[in-house]
Amino acid sequence: MRVHTLKRAIVALALALPGAAIASVVTASPAHADACYTWDRTLYQGRSGSDVRELQLRVAGWAGNNNIVELDGRYGPKTAAAIRRFQSAYGIKVDGIAGPQTFAKLYQIQDNDCTPRHFSWSELDNGCGGSGWTGGPLTSAQTRQNALRTMWKLEALRKSLGGQPLNVTSGFRSRTCNSRVGGASDSQHLYGNAADLVSRSKSLCQIAREARNHGFSGIIGPGVQGHNSHVHVDSRRENNQDRSSNYTYWAAPDCGIPAGTR
């Protein structure tokens, strides 16, 4: 678990205050947020802009069963539904509107480098020990952005699994690394879109089943050759830069998830 900064303590205080007090605490000064991003207006259906996209990135893991939240900067029904699931999971007012309470909770679970509290850049850049996000088909900046979305989905998955640690055994891989470990030629790991997961407190089947609700269009786990020791999750349906068509594919037969597209 990461070391919490002072801003988290301040935001936690804001969450405990009534609505009007929250607004004054959270909006009085950007210092109450963090060094990554600060929202300066309430967001709801019909609004659009870069601030909506930043919000979508952080709630991508609350998409719901077999669904995704597109990072298109438009606050539509899918974004509102994801916000409601996020709000419900964290015990704040459920209204599908991103206002002071929602932003305060996001600040609380976000670190200054934009990663969620329980995952880090180094964890996702660990296919073969870390390669600095280079050596894949995308630029390092594009790969990092994909990895950031992956981390936020993992944070949501971890929360829904009771807040117990999820360990990433393989994240981004360079082409050299991917070849070394025998990965698929156009693996989602090459794009920063994938993670292989294990847990000491949750079974692989618990991970695979719950992952269906958190924006992962690729899930491969127990019952598939080479995946009996971990669960692979990815965002292949959102990848417009690989050589495959956008689709959802889940396969974990030993967990009651038959192989096939959805």
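Residues numbered from 1 in each chain as written. Predicted model: local features only at pLDDT ≥ 70, side-chain atom pairs only at ≥ 80, totals over all residues. Heavy atoms only, no water.

S.K.: Provide a residue-level description of the layout of surface pockets, including the pertinent values.
M.R.: Roughly 420 Å³ of internal volume is contained in the largest pocket. For the largest pocket, the lining is made up of 22 residues, of which A184, S187, H189, H227 and H232 are closest to its centre. Of the residues contributing to the lining of the largest pocket, the split by class is four nonpolar, twelve polar and six charged. Taken together, R53, E70, L71, Q142, Q145, N146, R149, N193, E238, N239, N240 and Q241 make up the lining of the second largest pocket. Of the residues forming the lining of the second largest pocket, the biggest block, four residues, is contributed by helix α7 (residues 140–160). Of the residues contributing to the lining of the second largest pocket, the split by class is one nonpolar, seven polar and four charged. (1 Å grid on protein atoms, 1.4 Å probe; cavity = no way out; pocket = protein on both sides within 12 Å on 5 of 7 lines; lining within 4 Å. Points joined across faces, edges and corners; volume = space filled by probe spheres on them. Nonpolar A, V, L, I, M, F, W, Y, C, P; charged D, E, K, R; others polar. Helix = DSSP H or I, 4+ residues; strand = E, 2+ residues; numbered from the N terminus.)

S.K.: Describe the state of the cysteines, and please don't skip the residues or the numbers.
M.R.: In total, this model carries three disulfides according to the counting rule given. A sulfur-sulfur distance of 2.1 Å marks the disulfide that ties C128 to C177. As the torsion about the S-S bond is roughly 85°, the C128-C177 disulfide counts as right-handed. A residue pair is termed long-range when its members are at least 10 positions apart, and C128 in the loop between α6 (121–124) and α7 and C177 in helix α8 (residues 175–180) qualify at 49 residues. Residue C128 is classed as partly exposed on the basis of its relative accessible area, which comes to 34%. Bridging C205 to C255, the disulfide has an S-S length of 2.1 Å. On the sign convention where negative is left-handed, the bridge of C205 and C255, at about -75° about the S-S bond, is left-handed. (Disulfide = S-S within 2.5 Å. Buried < 20%, exposed > 50% of the residue type's maximum accessible area, 1.4 Å probe, protein only.)

S.K.: Help me get a handle on the nonpolar core, residues and values and all.
M.R.: Within soluble globular proteins, side chains that are nonpolar generally end up buried alongside one another. Of all hydrophobic cores here, the largest spans 54 residues; its most connected members are L55, L154 and V233. Examining the composition of this core, we find that seven residues originate from one element, α7, more than from any other. (Core = buried A, V, L, I, M, F, W, Y, C linked by side-chain atoms within 4.5 Å.)

S.K.: I'd love a proper account of helix α9 (residues 204–211), names of residues and values included.
M.R.: Taken residue by residue, α9 has L204, C205, I207, A208 and A211 as its buried positions. One face of α9 carries all of its buried residues, which in axial projection span an arc of 160°. Tucked inside the fold, the buried residues of α9 contact α7, β2 (194–198), β3 (218–220), β4 (231–234), β5 (249–252) and β6 (257–261). (Arc of directions from axis to C-beta. Contact = heavy atoms within 4.5 Å.)

S.K.: Pulling in residues and values, what's your account of helix α5 (residues 100–109)?
M.R.: With respect to burial, α5 is a largely interior element, eight of its ten residues being buried. Within α5 the residues assigned to the buried category are T102, F103, A104, K105, L106, Y107, Q108 and I109.

S.K.: If you had to explain the packing of helix α4 (residues 77–89) against α5 to someone new, which residues and values would you point to?
M.R.: Interhelical geometry of α4 versus α5 gives an angle of 70° and a closest axis separation of 11 Å. By the angle between their axes, α4 is roughly perpendicular relative to α5. Relative to α5, α4 is oriented so that their crossing is left-handed. Each of I83, F86 and Q87 in α4 lies in contact with α5, whose residues at this interface are T102, K105, L106 and I109. (Axes fitted to C-alpha atoms, helices over the stretch in contact; angles between N-to-C directions. Parallel < 35°, antiparallel > 145°, perpendicular 65-115°, else oblique. Left-handed = near helix turned anticlockwise from the far one by under 90°.)

Shape is all these values report; function is a separate question.
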